[in-house]
Amino acid sequence: MNPISLNSYRSLPESMFTPDIPVATRDPQLLILNDGLLKEYGVADTWFRSGEGLGILSGNAINNENPPIAMAYAGHQFGQRVPLLGDGRAHMLGQMPTANGAVDIQLKGSGRTAFSRGGDGRATLASVLREHIVSEAMAGLGIAATRSLAVIETGDTVHRDSPERGGILARTARSHIRVGSFQYAADKLGDDAVQALADHVIEQHFPEIATEKNGYAHLLLTVGESQARLIAQWMLAGFIHGVMNTDNMSIVGETIDFGPCAFMDEFNANKAFSSIDRRGRYAWAKQPGIGLWNLTRFAETLLPLLSGDSDTAVRIAETQLATFMPAFQAAFYGSLREKLGLTDQSELNKEFADMTLALMEQHAIDMTVFFDTLTRVAGSELDEALLELFGDRAAAQQWLTQWHDLKADDADTAQRMRLVNPVIIARNHRVEEALRAATVSNDLKPLMRLTIALRDPFHYTAGNADLRTPPLPEERVRATFCGT
Ligand code: AMP
Ligand code: MG
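Note that the structure is a prediction, hence the values are computed from the model and not measured. (Residues numbered from 1 in each chain as written. Chains lettered and ligands numbered in written order. Predicted model: local features only at pLDDT ≥ 70, side-chain atom pairs only at ≥ 80, totals over all residues. Heavy atoms only, no water.)

## Some points on the packing of helix H10 (residues 324–340) against helix H11 (residues 347–362)
Heads up, the condition is: Axis definition: a line fit to C-alpha positions, over the contact stretch in the case of helices; interaxial angles, taken between N-to-C directions, run 0 to 180 degrees. Each helix is a run of H or I in the DSSP string that is no shorter than four residues. Each strand is a run of E no shorter than two, and both are numbered from the N terminus. Roughly parallel means an angle under 35 degrees; roughly antiparallel, over 145; roughly perpendicular, 65 to 115; everything else is oblique. Here, two residues are considered to be in contact whenever any of their heavy atoms come within 4.5 Å of each other. Residues are grouped as follows: Ala, Val, Leu, Ile, Met, Phe, Trp, Tyr, Cys and Pro are nonpolar; Asp, Glu, Lys and Arg are charged; every other residue, Gly included, is polar.
Put simply, H10 and H11 touch, their axes get as near as 10 Å, and they point 75 degrees apart. When the axis of H10 is compared with that of H11, the two are roughly perpendicular. Between H10 and H11, the contacting residues are Gln329, Phe332, Tyr333, Leu336, Arg337 and Leu340 on the first element and Asn349, Lys350, Phe352, Ala353, Asp354, Thr356 and Leu357 on the second. Across the contact of H10 with H11, the residue classes tally to seven nonpolar, three polar and three charged.

## Considerations on the domain arrangement of the protein chain
Stated formally: As used throughout, domain bounds are those supplied by an automatic or database domain assignment. Here, a salt bridge means any Lys or Arg side-chain nitrogen found within 4 Å of an Asp or Glu carboxyl oxygen. Distance and chemistry together define a polar contact, namely a pair of N or O atoms within 3.5 Å, with one atom able to donate a hydrogen and the other to accept it when in protein, and with adjacent residues in sequence counting only for side-chain atoms on both sides.
By the assigned domains, the protein chain splits into domain 1 (8–173), domain 2 (179–250 + 281–323) and domain 3 (341–484). Here domain 1 and domain 3 have C-alpha centroids that lie 32 Å from each other. Each side of the interface is counted separately: domain 1 has 20 residues, and domain 3 has 22 residues. On the surface where domain 1 and domain 3 come into contact, there are two salt bridges. Summed over the shared surface of domain 1 and domain 3, the result is four residue pairs in polar contact (both at pLDDT 80 or more). Of all the secondary-structure elements, those providing two or more residues to the side of domain 1 that touches domain 3 are strand S2 (29–33), strand S8 (123–124) and helix H4 (125–141). A per-element tally of the side of domain 1 that touches domain 3 places H4 first, with eleven residues. Class assignment of the residues belonging to the side of domain 1 that touches domain 3 gives a composition of nine nonpolar, five polar and six charged.

## Observations regarding the side chain of Thr451
Here Thr451 is to be found in helix H17 (residues 445–454). Once residues within four sequence positions are removed from consideration, Thr451 is found in contact with His132, Ile133 and Glu136.

## Describing the coordination of the magnesium ion (ligand 2)
Note the following rule: Metal donors: N, O and S atoms at distances within 2.8 Å, or within 3.2 Å for Na, K and Ca, with water omitted from the atom set so that some sites may seem incomplete. When accessible area is computed with a 1.4 Å probe and restricted to protein chains, residues below 20% of their type maximum are described as buried, those above 50% as exposed, and intermediate ones as partly exposed.
Surrounding the magnesium ion (ligand 2) are the protein donor atoms Asn248 (OD1) and Asp257 (OD), which sit 1.8 to 2.2 Å from the metal. The same class applies to Asn248 as to Asp257, namely buried.

## Here's the deal with the site of ligand 1
Applied cut-off: Neighbouring residues are identified by heavy atoms, a residue being near a molecule or strand if any of them is within 4 Å of it. For cavity detection a 1 Å grid was placed over the protein atoms alone, and a set of points counts as a cavity when a 1.4 Å probe fits there but cannot get out; an open set counts as a pocket when protein lies on both sides within 12 Å along at least five of seven lines, with lining residues being those that have an atom within 4 Å of a point. Should more than half of a molecule's atoms lie within 2 Å of a pocket's or cavity's grid points, that molecule is taken to sit in it.
Taken together, the neighbourhood of ligand 1 is formed by 17 residues, with Gly86, Gly88, Asp120, Gly121 and Asp257 sitting nearest. The backbone of Gly86 places a nitrogen or oxygen atom 2.7 Å from an oxygen atom of ligand 1. Between ligand 1 and Arg117 there is a distance of 3.3 Å, counted from an oxygen atom to a side-chain nitrogen or oxygen. Assessed atom by atom at 2 Å from the grid points, ligand 1 resides in the largest pocket.

In structure tokens form, the structure reads like this:
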């Protein structure tokens, strides 16, 4: 029986969504079913492997008892307001009850909708597989993200710069409501719609807020706190989202929309990969500022709900927004100190953490290798392991001497550091290599091997040895493309 049995979005104000059905595909194949995720959910794979399951996930069958919808949203893209975006190539099938609560199941690449504008509603198989790999990597690192449940090859050709194989991603999320959903409600529908949307989010995702006196102010605070934590986690994994538009900022604090995102190799605070982010608006170090900018757009939509008096509403919003940067800083420096094996939250340790970032940047040191090596040095390895990463050993030695002085001197420091310092991340050259094998040579094995390794990123295993190393100069990936 089809486990996608709910659709809570149907209770939202009309015009927040439209009934819309996927466009049929020619010869769909289930390329990947995420058994690990189904296990976490406590949901059997039977239906997903059945003909009926494939029919629904490929857009060739519709569940008339719970028909799909496309959701409306607006957004600021690269700072420019776009009054209507919406699911231009995605269909919300509804929610599936799981052991972790109900999750949305959305098809991405499932054909044109009322919101497609000039687009074809389709996704390339490569972009779908890329989202699969990176969202698995995020899950392995313990970073909240939408998940890839299944990858379908459609059998259709998708026309980009050249003809490409088409794909559909069935992804799960706690919610697909974005800051852009609130912007759409505020701009197009008015205060009642914003209130209905906010009430929906509180009821579905933050029931603890419902009893608060000013629930909407609490909603703003909660959304800000979860984004602050999320962005701190991204940054400490070297992750650059690449398109932090307000339509790509989830209200429940999950990483969403893996377009041109990437993990950086050698540390550079100004690093941006996305080929469409020419000015580096979404560079590594800019992410908290952009998070706050997006949150401010969210706050603007809530103003009429915060107070009947507009000055008071602005004051309330400002008070809540003022907590964002301190929350980010606390999360970022708290975790950075853990990565360094420092237990004490002193100002001195914060300065040392900043110095560490500057050191890595100045000497172009690979971030993952640095913290991995430091973890081993905290254990039984010699300082030499870290020193040999540097051309300028004197600078490294000076830093290391300070670190030894500051480091917590207990036996299990190395073990604690290992819990937060991965040995493997989704390095761009490995991702590209896996995608090439899958889409050009029809060989999924490298991709499967990479995702298995990424699900267990904190351990050295025989299986991840060659996947851990930084790119050779000729392997470097300099830019990522939306590759939609
Ligand atoms: P994204 O860059 O994936 O966050 O998408 C931004 C907006 O463009 C969203 O409204 C998408 O639905 C829409 N979009 C992206 N690709 C396509 C496509 N191939 N066809 C139609 N709409 C698209
Ligand atoms: Mg998007």
